[in-house]
Amino acid sequence: MKKRLLASCIGLMVLSPSAFADIHFSGFLTAAGGQIIDDDDGAITSYEGYDSKFNTKPETKLGLQIRSDITEKITAEGQLLSKGIDDFDTELEWVYMTYHISPYWMARVGRLKSPFFMYSDYLDVGYAYPWIRPPSQTYLDTRFSAFQGVDTVFDKNFGNWATTFQFHLGRVQDELETPIGTVERDVDFMAGFNVTAVYDYWLTFNATYRGARFKASSPQQLQDLIDGLKSFGDSPATGNEQGYPAADAINVENEFAAFYSFATVIDLEKWLMIAEYTVFDVKDQSTLEDHDSYYFTLGYKLDSALVHLTYNYGEEKPDYSFITSGLPAGLQGGLYNAVGPATKKTDITLGARFDLMTNTAFKVELTRFNVETISNPASAGSDLDGLLLSTSVDVVF
């Protein structure tokens, strides 16, 4: 809490006394609730933070955005965010300073939004998109929402095409909660670009690339396995050839991964179509898994309402190639558990959005989800289905 308060104070100190007259405030609120109404005979205990009892905590959130025009060319912006999933702790989600080089070109420095996806810039603002939540097998929460660094954004028109080019460079240091404990993640270098092209307001294309070098701490359970592999590696002959390579593979140090995404939106008078495809590619053998995903949304507009159907698919593809038969059975089992099973997840969502006022939308959705876990030598597979009912009221102000 002290760190968050200190960060907030620093963000306010950026604004000189003369700038306070030019401070602009805006905000957003999502009041959401949901419940799993079919849990495959109790086999599913949680999905998207919800369980078999109605709960309003997982997706309820409040955000406040602050902007100040310091000079004609320099602005400062920040966002405070309080989310139910984080016990409503208030954090400085992003804060940065912008230098407007020209009306069409700007450079920014600070803590910036991570441009992974089509809707990354306003991912927290539920009012900005048709769903209660963006398709969750694509918009994974392990993709960090912000980074420390710099970027530059350039707008250019080509006939009826309005294009935006964004290039970014930075790093991320954060923590992740995993099934085997807390992991400290350090992305010490990343760089990438994002391109958006809009044709005559109804057709949008978006493409993203990001490459990152990173390392991560090993929870005690994983460190014990690494130590066991190295101990086996100290034994004669085959141990040297198999123990140390396996230990190196699961020790996340100087890894490199690439992320790609491609998206399109077709927004017509009566019809709305959205599609997005993403690839997360880990270049070396690791406990981290490659991940592919895609979704397609088709919506039909009825006055102030939108009825939509979304198909969303995500697949985690672990690499077991470094787990050799020469390792003791106990170490092999530990490696399979550390890497985790291959999974295929499918969500089919039928939803409706009703624009009650110019700044307020009510949404209701029914999601049939399937989680298929592929068996490996250390664990049996499973194929589970469930049904999630959720609603929200989204407001901007």
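Our subject is the structure that appears above.
Residues numbered from 1 in each chain as written. Predicted model: local features only at pLDDT ≥ 70, side-chain atom pairs only at ≥ 80, totals over all residues. Heavy atoms only, no water.

Asks: Would you take a moment to explain the packing of helix H2 (residues 220–233) against helix H4 (residues 329–339) for this structure?
Replies: The description of two helices packed together rests on the angle between their axes and the distance between the axes. Running from N to C, H2 and H4 cross one another at 145 degrees; their axes reach a closest spacing of 10 Å. Remark: the crossing between H2 and H4 carries left-handed chirality. Facing Leu222, Leu225, Gly228, Leu229 and Phe232 of H2, the residues of H4 in contact are Leu331, Gly334, Leu335 and Ala338. Looking at side-chain class alone, the contact of H2 with H4 contains 7 nonpolar, 2 polar and no charged residues. (Axes fitted to C-alpha atoms, helices over the stretch in contact; angles between N-to-C directions. Helix = DSSP H or I, 4+ residues; strand = E, 2+ residues; numbered from the N terminus. Left-handed = near helix turned anticlockwise from the far one by under 90°. Contact = heavy atoms within 4.5 Å. Nonpolar A, V, L, I, M, F, W, Y, C, P; charged D, E, K, R; others polar.)

Asks: Would you explain unusual backbone geometry in this entry?
Replies: Leaving glycine aside, a negative phi is the common case for residues, and trans is the common case for peptide bonds. Despite not being glycine, Phe88 shows a phi value in the positive range, around 60 degrees. Along the polypeptide, Phe88 turns up in the loop between strand S3 (74–83) and strand S4 (90–102). Exposure remark for Phe88: the relative accessible area of 41% places this residue in the partly exposed category. Although it is not a glycine, Asp303 adopts a positive phi angle of roughly 55 degrees. Tracing the backbone shows Asp303 in the loop between strand S12 (290–302) and strand S13 (305–317). (Buried < 20%, exposed > 50% of the residue type's maximum accessible area, 1.4 Å probe, protein only.)

Asks: Can you help me understand the pairing of strand S10 (residues 255–267) in this one?
Replies: Put simply, side chains in a regular strand alternate between the two faces of the sheet. Of the strand pairs in this sheet, strand S9 (residues 203–216) and S10 are connected by 12 bridges, and their pairing is antiparallel. Within S10, the residue paired with Arg210 across the bridge is Phe259. Bridge analysis of S10 against strand S11 (residues 271–282) gives 11 bridges, and the strand direction is antiparallel. Bridging from a neighbouring strand, Ala263 pairs with Glu276 of S11. (Pairing = 2+ DSSP bridges.)

Asks: When you look at the pairing of strand S6 (residues 146–158) in this model, what are you seeing that I'm missing?
Replies: Summarising the sheet, strand S5 (residues 105–113) and S6 pair through 9 bridges and their orientation is antiparallel. Within S6, the residue paired with Val109 across the bridge is Val150. Both S6 and strand S7 (residues 161–178) contribute to a ladder of 11 bridges, which runs antiparallel. Bridge assignment links Asp151 to a residue of S7, and that residue is His168. In this antiparallel pair of consecutive strands, S6 and S7, the connection spans 2 residues, and Gly159 shows a positive phi of 65 degrees.

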